[in-house]
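The residues making up each chain are set out below.
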Amino acid sequence: MSEALVDCRDTFARTLIELAAADPRIVVVVNDSIGSSNLGSFQAAFPDRVVNVGIAEQAMVGVSAGLAAAGKIPFVSGAACFLTGRATEQLKIDVAYSRAGVKLCGQAPGMAYGELGPTHHSIEDLSWLRAMPGLTVIVPADPGETAAALRWMAATDGPAYVRIPRLPVPVLPGGNEPFTPGRGRVVRDGGDVSIIATGVVVHRALAAADVLAQEGIEARVVSMPCVSPLDDDLVVACARQTGRIVTAEEALISGGLGAGVARVVVERHPVPMRLLGMDDTLAPTGSETWLLEWAGLSAEGIARAVSELLDDVGPRAGAL
């Protein structure tokens, strides 16, 4: 894994400009969020293809659904907490129920606005949006997954939501794969336990695997950029081949990645599990890095959770 850190917001802006240059149907809809969405360069390149509705998220989603009905491909960009919180009804009815081709881009998701506190955290978005049938929910881990998701969104009919992380991240190994809904990928193999992670936590899971390797524990790390629909077959393969699963996400575990993986495991191949993330709480105020550590999502925290799981369930009897 490269140690250089990359801002996925730059990838977001650059990829969107490339897509818009090739397809005149692409427009951007924002809620006074040109700067925070890093879309100044897009506005300069395509000034007549930016719709700024002001601080009015419900109207922003409704307008975007109308643009989609008129044949446009609207990319809606705003802070994830406000886009998904203030416009939940419009997301449900105007977008998901109507199968509108609206492309929702949640900026600074999770706890990225850390110092602004719980009002600006977006740890509920995965739970809210995974509950909406027909809405693809994407949580990229690095620039490659971000660009691939945007290209797929532009090329496909129907609605989708993508998180655009604010925290700079390394580039994952084996990148530049096209995005496929309901498809995850193994970024590190191992036979003792599977760590299934999403978003910026994937890199911490890889670092946790390094820590565990020093203890003689070989952890498989899975990047799951699509949390709805999930890669059920990959989850079952992890359960069968490693016998234990830990999930890790910058979100509430009650309805996010962990809940989805747990459902698959319970229904198809039960194994011991641990779900890492926020559990029935509003995250406090602090930097995103500090908050990830507070939530047990540092490399050390994930490694500790894995070790505790292995201690609790005892040695494996072998793959089933």
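J.: What exactly am I supposed to notice about helix 7 (residues 143-155) here?
T.: Helical geometry note: an α-helix holds 3.6 residues per turn, so side chains three or four residues apart project in the same direction. Given a rise of 1.5 Å per residue, 13 residues ought to cover 18 Å, and the 18 Å separating the end C-alpha atoms of helix 7 matches this to within 8%. The complete set of buried residues in helix 7 reads Pro-143, Glu-145, Thr-146, Ala-147, Ala-148, Ala-149, Leu-150, Trp-152, Met-153 and Ala-154. At the N-terminal end of helix 7, a side-chain oxygen is found 3.3 Å from the backbone nitrogen of Gly-144, two or three residues along, and the residue is Asp-142.

J.: Explanation requested: the sheet that holds strand 2 (residues 50-52) in the structure shown.
T.: As a general point, the strands of a sheet are linked pairwise by backbone hydrogen bonds and lie either parallel or antiparallel. Ordered in space as 2-1-3-4-6-5-10, the 7 strands form an open sheet in which the pairing is mixed. Each edge of the open sheet carries a strand with a single partner, namely strand 2 and strand 10 (226-228). Each strand of the sheet is rotated relative to its neighbour by a mean of 20°, with strand direction disregarded. Sitting on the sheet, helix 3 (residues 57-69) touches strand 1 (26-30), strand 2 and strand 3 (73-79), and the angle it makes with strand 3 is about 165°.

J.: Can you help me understand the sheet that holds strand 11 (residues 245-252) in this one?
T.: Here we have 5 strands laid out as an open sheet, ordered 7-9-8-11-12, and mixed in their pairing. If you trace the sheet from one side to the other, it starts and ends with strand 7 (185-188) and strand 12 (273-278), each paired once. On average, adjacent strands in this sheet sit at an angle of 25° to one another, irrespective of strand direction. Pairing analysis gives 3 bridges linking strand 7 to strand 9 (residues 219-223), with the strands arranged antiparallel. By the bridge assignment, Arg-185 is partnered in strand 9 with Ser-223. Seen against the sheet, helix 10 (residues 257-268) touches strand 8 (193-197), strand 11 and strand 12 and runs at an angle of roughly 145° to strand 11.

J.: I would appreciate a short explanation of the nonpolar core in the present structure.
T.: Across soluble globular proteins, nonpolar side chains show a tendency to be buried alongside one another. Ranked by internal contacts, the top residues of the largest apolar core, which has 41 residues, are Val-102, Leu-104, Ile-196, Val-235, Ile-245 and Val-261. In terms of nonpolar packing, the next biggest core, distinct from the first, is built from 38 residues, Leu-172, Ile-217, Ala-248 and Leu-309 among them.

J.: I would appreciate a short explanation of empty space enclosed by the protein in the present structure.
T.: Empty space left among the atoms is revealed by rolling a probe the size of a water molecule over them. Enumeration according to the criterion identifies 1 cavity of 30 Å³ or more in this entry. Every residue along the wall of the largest cavity is listed here: Pro-109, Val-139, Pro-140, Arg-163, Pro-165, Arg-166, Thr-198, Gly-199, Val-200, Glu-250 and Glu-288. Each of domain 1 (7-170) and domain 2 (185-312) contributes no fewer than three residues to the lining of the largest cavity.

Conventions used here
Residues numbered from 1 in each chain as written. Predicted model: local features only at pLDDT ≥ 70, side-chain atom pairs only at ≥ 80, totals over all residues. Heavy atoms only, no water. Helix = DSSP H or I, 4+ residues; strand = E, 2+ residues; numbered from the N terminus. Expected span 1.5 Å × (residues − 1). Buried < 20%, exposed > 50% of the residue type's maximum accessible area, 1.4 Å probe, protein only. Polar contact = N/O pair within 3.5 Å; in protein donor to acceptor, adjacent residues only side chain to side chain. Pairing = 2+ DSSP bridges. Axes fitted to C-alpha atoms, helices over the stretch in contact; angles between N-to-C directions. Contact = heavy atoms within 4.5 Å. Core = buried A, V, L, I, M, F, W, Y, C linked by side-chain atoms within 4.5 Å. 1 Å grid on protein atoms, 1.4 Å probe; cavity = no way out; pocket = protein on both sides within 12 Å on 5 of 7 lines; lining within 4 Å. Points joined across faces, edges and corners; volume = space filled by probe spheres on them. Domains from an automatic or database assignment.

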